[in-house]
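Survey of secondary and tertiary structure
The chain contents come next:
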Amino acid sequence: MPLIVQKFGGTSVADPKKILAAARKAVRAHQEGSQVVVVVSAMGKNTDGLIDLAKQITDKPAAREMDMLLSTGEQVTIALMAMAVDSMGYDAISLTGGQIGIKTDSSHTKARIHSIATDRIKRLLDDGKIVIAAGFQGIDEELNITTLGRGGSDTTAVSLAAVLGADQCEIYTDVDGIYTTDPRKLPDAKRVSQVCYDEMLELASLGAGVMHSRSIEFGKKFNVPIHVRSSMSDEPGSLIVDVADTSDLPVSGVALTRDEALVTIVDVPDVSGTIFKLFAPIAEKKITVDMIVQNVSANGKTDISFTLPTEELADALEAIEEVLETLGGRVGLKDESVSKVSAVGLGMAQQTGVANRMFRSLADAGVNLQIITTSEIKISVLVKRDIAMEALRTIHSEFALDQIEYSPNANVTTSERSTEDAEKVVEVINRLQQSGMEALMIDSISLDSTQSRITLQKIPNQPGLAANLFERIAKAGVFVDMIVQSHGSDQNADITFTVKRDQSAIALEVAQAICDEASCAGVDHKEEIAKLSVTGIGLRSHTGVAIALFQSLAQAGINVEMVNTSEVQVNVVVAGADGNKGLEKLKDAFADSLR
Ligand code: ADP
Ligand code: ASP
Ligand code: MG
């Protein structure tokens, strides 16, 4: 018998009428012969209301009590939903996270799922009941109630679908699918019929709020087909799958993280271990930093910039206070008026010229780029918040995302998964139920010793420089791999990029010419660099990954020159001579997490 998990978000259960409509969908799936688990969010904006209540009591509510409070939102909905199903003449039973046996760690308000018991749900389903599960919550070892972080009901739904071996996970929401960017922000956004896990993971973690990014980690790990669709109709929506029909596009989606903050730490010693010492205390607080950028050092000192969600800024600065005292260095700049705009596409890994097209379009629109970082499948730029929407719109139209045509998915009905697929997934589930369902999963660790690094130092703060540079480099037929631009708000910005060694001479010539024209301070060049890559699932949101990587390199006395992070890959550049040693160290450090 097929098994289906249906999740209804806040707007889709905002009032009794909507709860009854959602219940009808569950009942219909049941009538059609599926076993049905329904996961619900708190009604409407109830979670926001609860947070507001807490704020009226105290500025600093204890995280444990916050979870106790927030979990009540979903508890209201499960009871009402069960009553609704019951009123239609079908058997339903509501269960809290604790009653299901969703065990999490104890990091209140951002807990990660450790294991999920399935016996009770399976028994109830076999008895013919529709099971109504509370989203967003679990319990820790000590039976304390925990929550998974805002938007976490998606993660409850997909994780339940994974452990129950569901044939499909339907996410019912207030949009009719996944769009090329948030359709509420950009009316030109187009609905896509499919998107692959890697792209969705990246988009969700970079601001596409339609799915909780950790839910996509579950989808990818356990190959759960996810169908995002409207709760207001019966029309099919968008599928999140392993291989999507849009995967050859250079850019398939654009995302905006509106409330990002930029921090620059100046005058830190440029020696091995600095990056590790700086970021370890932040990671310990489970704060995800992004866009880590380092200038080429002068007199043994360097500047390190990074971005993080504005709401975490105070906590992060507090966390590094002590380290800065012992390490040297100080907070040179903090800017809370920036936003991060990112273009994501699996296709860009195979194509040249995606970055320069993006930079050119932004330069033509007069958008100044404060920071640039790239990874295999995404390019992020940091811009002033007041022009972030313009940047988003520009990239969206440059890559013709407003021209994408939705073609209804041929195969969205729930059919049972093949036994072979199911067996593979059961094997992974059994293993992870022991070590932690959301534990880090690394696919590979690799070394690329074929590249060179080129840096334009102290470039003047003028729009269009990155565009000129990478346009000319692309014209010369050179494939650029990593690109990093440090912040350009003063005269201290550098642009660093890597190219294949056999193309470094041409790239260097172009860089020198641009440098002369734009009067930057000079071109720094390292012919032999080593790029170390760790590939896996959820690498940026697992704040420990970059730290474990920095730590193991620091212990081996290896200095990190460049960093880029994405959800599917973390890359660092070190001196060429350190490549092999670095590779061995990383293999040791991640031995337990290799799949
Ligand atoms: P729910 O309460 O159902 O979980 P959310 O508000 O969390 O709903 O997510 C749905 C919202 O996500 C949409 O209303 C839309 O504004 C926003 N969104 C952001 N990015 C995208 C995108 N790429 N595609 C579709 N919706 C998006
Ligand atoms: N109710 C929670 C929130 O608003 C969880 C969710 O809706 O996914 O964040
Ligand atoms: Mg949501």
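On a predicted model such as this, the values are computed, not experimentally measured, just so you know. (Residues numbered from 1 in each chain as written. Chains lettered and ligands numbered in written order. Predicted model: local features only at pLDDT ≥ 70, side-chain atom pairs only at ≥ 80, totals over all residues. Heavy atoms only, no water.)

1. Observations regarding empty space enclosed by the protein
- What the rule picks out here adds up to five cavities of 30 Å³ or more.
- Here the largest cavity defines a volume of roughly 160 Å³.
- Along the wall of the largest cavity there are 17 residues; nearest its centre are Asn-368, Leu-369, Gln-462, Pro-463 and Gln-485.
- Taken together, the elements giving at least two residues each to the lining of the largest cavity come down to α11 (354–364) and α14 (465–475).
- Of the residues in the lining of the largest cavity, the class split is eleven nonpolar, six polar and no charged.
- Its boundaries defined by the atoms lining it, the second largest cavity holds a volume of some 140 Å³. (1 Å grid on protein atoms, 1.4 Å probe; cavity = no way out; pocket = protein on both sides within 12 Å on 5 of 7 lines; lining within 4 Å. Points joined across faces, edges and corners; volume = space filled by probe spheres on them. Helix = DSSP H or I, 4+ residues; strand = E, 2+ residues; numbered from the N terminus. Nonpolar A, V, L, I, M, F, W, Y, C, P; charged D, E, K, R; others polar.)

2. Side note on a negative patch on the surface
- A cluster of acidic residues, Asp-315, Glu-318, Glu-321, Glu-322 and Glu-325, forms a negative patch at the surface.
- Relative to the helices and strands, Asp-315 is located in helix α10 (residues 313–327).
- Of the residues examined, Asp-315 reaches a relative accessible area of 37% and is grouped as partly exposed. (Patch = residues over 30% accessible without salt bridge, like charges linked within 9 Å, V, L, I, M, F, W, Y side chains within 5 Å. Areas by Shrake-Rupley, 256 points an atom, 1.4 Å probe, with all protein chains shown as cover. Salt bridge = Lys/Arg side-chain N within 4 Å of Asp/Glu carboxyl O. Lys, Arg positive; Asp, Glu negative; His and termini not counted. Charge placed at Lys NZ, Arg CZ, Asp CG, Glu CD. Buried < 20%, exposed > 50% of the residue type's maximum accessible area, 1.4 Å probe, protein only.)

3. Digging into the packing of aromatic side chains
- Tallied over the full model, the rule gives six aromatic pairs.
- Seen in terms of ring centroids, Phe-8 and Tyr-172 are 4.9 Å apart; in terms of plane orientation they differ by 5°. Their pairing is stacked. Here Phe-8 is found in strand β1 (residues 3–8), whereas its partner Tyr-172 is found in strand β9 (residues 168–173), with 164 residues between them in sequence.
- The class of Phe-8 is buried, set by a relative accessible area of 0%.
- Among the residues examined, Tyr-172 registers a relative accessible area of 4% and is labelled buried.
- Joined through ring pairs, the aromatic side chains of Phe-279, Phe-306 and Phe-550 make up one cluster.
- Here Arg-191 stacks its cationic end above the ring of Tyr-406, 3.6 Å away from the centre of that ring. (Phe/Tyr/Trp six-rings, centres within 6.5 Å; stacked < 30°, edge-to-face > 60°. Lys NZ or Arg CZ within 6 Å of the ring centre and 35° of its normal.)

4. What to know about helix α2 (residues 46–57)
- Between its first and last C-alpha atoms α2 spans 17 Å; for twelve residues at 1.5 Å apiece the expected length is 16 Å, and the two agree.
- All of the buried residues in α2 are Thr-47, Leu-50, Ile-51 and Ala-54. Along the axis of α2, the buried residues cluster in a sector spanning 100°; they form a single face. Relative to its buried face, α2 has exposed residues pointing more than 90 degrees away, namely Lys-55 and Gln-56.
- On its buried face, α2 sits against α3 (63–87). (Expected span 1.5 Å × (residues − 1). Arc of directions from axis to C-beta. Contact = heavy atoms within 4.5 Å.)

5. Some thoughts on the site of ligand 1
- Every one of the 16 residues lining ligand 1 counts as a neighbour, but Thr-173, Asp-174, Tyr-179, Asp-182 and Arg-184 are closest to it.
- Contact distances for ligand 1 include 2.9 Å between a nitrogen atom and a backbone N or O atom of Tyr-179.
- In the environment of ligand 1, an oxygen atom lies 2.8 Å from a nitrogen or oxygen atom belonging to the side chain of Arg-184.
- Notes on ligand 1: free accessible area 570 Å², of which the protein chains cover 83%.
- In the shell around ligand 1, the residues fall into six nonpolar, six polar and four charged. (Near = heavy atom within 4 Å. Polar contact = N/O pair within 3.5 Å; in protein donor to acceptor, adjacent residues only side chain to side chain.)

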